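# Examining the three-dimensional arrangement
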Amino acid sequence: MKNLLLTLVYDGSNYHGWQVQKNALTVQEVFQNAVEKVFLSRLDVIGCSRTDSGVHANMYCVSLKTDMDISDSGVILALNSHLPDDIAVIGCREVDPAFHPRYSCKSKEYIYKIYNGKIRNPFCSKYALHYRYTIDADYLNKECKAFIGTFDYSGFCSSGSDVEDTVRTVKNFEVWREGDMVYFKVEADGFLYNMVRIMAGTLLFIAQGKIKSGQLADIIKSKDRTKAGRTAPAQGLYLNKINY
């Protein structure tokens, strides 16, 4: 029995996140349908993370176990022939039988994209937040460093989460500009429900002056959701990298 690690990329615009739901179409359901056609069985597909409705992935990892004799390149070609245009398998390799795409993960990296042009760009509407007020990326790059470290991030978690341990270690946070696009990139050992989107919304509050320079550390320590910014919209968020 082989344990295969598959790497996917997907546009989350048409899906209600990764995980299978009863009354909504998800990436996992569509992927499992393709797996069933290729492996002739509805195999158990284990994902590396949950992603919310409308969130995208530049790298999403799943594992499945099979005794079918098929090459890694054959798996990629076969699955892609049964997947829609907004989901693609870009990698496949055999891993240790004990490997788990979620629990074997050392860290995850997310990117949040903001289109910072004065006039909205229709080609960015599903893939970046349109924010027309000028963002000082260098200023936010300095302010966001307060996120780096090991903290109780319960103030950066949306209600509805059933996670008991809200301590996370943020390893890096960067903000930069490329033309009209502004990027927030954060790496951590794990993330709470909507944590990155709340971080993004908080940085926008800092950009607007609603949160003053140097106050972010105190907001984190307060563990008070009402002191952080709004939850930024989903379409700007990308699961960018999984580190094993």
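Structure first, text after, so check above.
Here we summarise the structure given alongside this text. Predicted model, so just to flag it, every value in this text is computed and none were measured. (Residues numbered from 1 in each chain as written. Predicted model: local features only at pLDDT ≥ 70, side-chain atom pairs only at ≥ 80, totals over all residues. Heavy atoms only, no water.)

Here we take up the nonpolar core. One finds Phe31, Leu79, Phe147, Phe156 and Phe184 to be the most contacted residues of the largest nonpolar core, which totals 75 residues. Take this core: its biggest share by element is nine residues, from helix α4 (residues 195-208). (Core = buried A, V, L, I, M, F, W, Y, C linked by side-chain atoms within 4.5 Å. Buried < 20%, exposed > 50% of the residue type's maximum accessible area, 1.4 Å probe, protein only. Helix = DSSP H or I, 4+ residues; strand = E, 2+ residues; numbered from the N terminus.)

Another point: the packing of aromatic side chains. Within this structure, the stated rule accounts for eleven aromatic pairs. Their ring planes at 65° and their centres at 5.0 Å tell us that Phe99 and Tyr244 sit as a pair that is edge-to-face. With Phe99 in the loop between β4 (87-95) and β5 (107-115) and Tyr244 in the segment after β10 (237-243), the pair connects residues that are 145 residues apart, well separated along the chain. The exposure class of Tyr244 is partly exposed, given its relative accessible area of 33%. Both rings, one in Tyr131 and one in Tyr133, keep their centres 5.9 Å apart while their planes meet at 70°; by these two values the pair is edge-to-face. Cluster of aromatic residues (ring-pair linked, three or more members): Phe147, Phe151, Tyr153, Phe156 and Phe173. In this structure, Lys113 is placed above the aromatic ring of Tyr238, and the distance from its NZ or CZ to the ring centre is 4.3 Å. (Phe/Tyr/Trp six-rings, centres within 6.5 Å; stacked < 30°, edge-to-face > 60°. Lys NZ or Arg CZ within 6 Å of the ring centre and 35° of its normal.)

To continue, consider the pattern of salt bridges. Per the stated rule, a full pass over the model turns up two salt bridges. In this structure, the salt-bridge partner of Glu36 is Arg42, at a minimum N-O distance of 2.7 Å. A salt bridge links Arg197 to Asp52; its shortest N-O distance comes to 3.4 Å. Placement of Arg197 in helix α4 and of Asp52 in the loop between β2 (46-47) and β3 (56-66) is noted, with a sequence separation of 145 residues between them. The class for Asp52 is partly exposed, based on a relative accessible area of 23%. (Salt bridge = Lys/Arg side-chain N within 4 Å of Asp/Glu carboxyl O.)

This paragraph deals with α4. The end-to-end C-alpha distance of α4, which contains 14 residues, comes to 20 Å, matching closely the 20 Å that a straight helix rising 1.5 Å per residue would cover. Burial analysis of α4 places twelve of its 14 residues in the buried class, the great majority of the element. Listing the buried residues of α4 in full gives Met195, Val196, Arg197, Ile198, Met199, Ala200, Gly201, Thr202, Leu203, Leu204, Phe205 and Ile206. In the segment just after α4, Gly209 is the residue with positive phi, at about 85°. (Expected span 1.5 Å × (residues − 1).)

Attention now goes to the layout of surface pockets. Counted as a void, the largest pocket has a volume near 1,100 Å³. Considering the residues around the largest pocket, the lining is formed by 38 residues, among which Ser49, Arg50, Arg102, Lys108 and Phe191 are closest to the centre. Listed by contribution, the elements that provide at least two residues to the lining of the largest pocket are β2, β5 and α4. Its residues assigned to classes, the lining of the largest pocket shows 16 nonpolar, 14 polar and eight charged. Of the volumes computed, that of the second largest pocket is approximately 160 Å³. Lining of the second largest pocket is provided by Leu129, Tyr131, Gly201, Leu204, Phe205, Gln208, Lys210, Arg230, Thr231, Ala232 and Pro233. Sorting elements by how many residues they give to the lining of the second largest pocket places α4 first, with four residues. (1 Å grid on protein atoms, 1.4 Å probe; cavity = no way out; pocket = protein on both sides within 12 Å on 5 of 7 lines; lining within 4 Å. Points joined across faces, edges and corners; volume = space filled by probe spheres on them. Nonpolar A, V, L, I, M, F, W, Y, C, P; charged D, E, K, R; others polar.)

Another aspect to go through is the environment of Leu5. Topologically, Leu5 is positioned in strand β1 (residues 2-10). Sequence-wise, Leu5 and Met68 are 63 residues apart; in three dimensions their C-alpha atoms are separated by 15 Å. Those residues within four positions of Leu5 in sequence are excluded, and the remaining contacts are Cys61, Val62, Gly91, Cys92, Arg93, Val95 and Phe99. (Contact = heavy atoms within 4.5 Å.)

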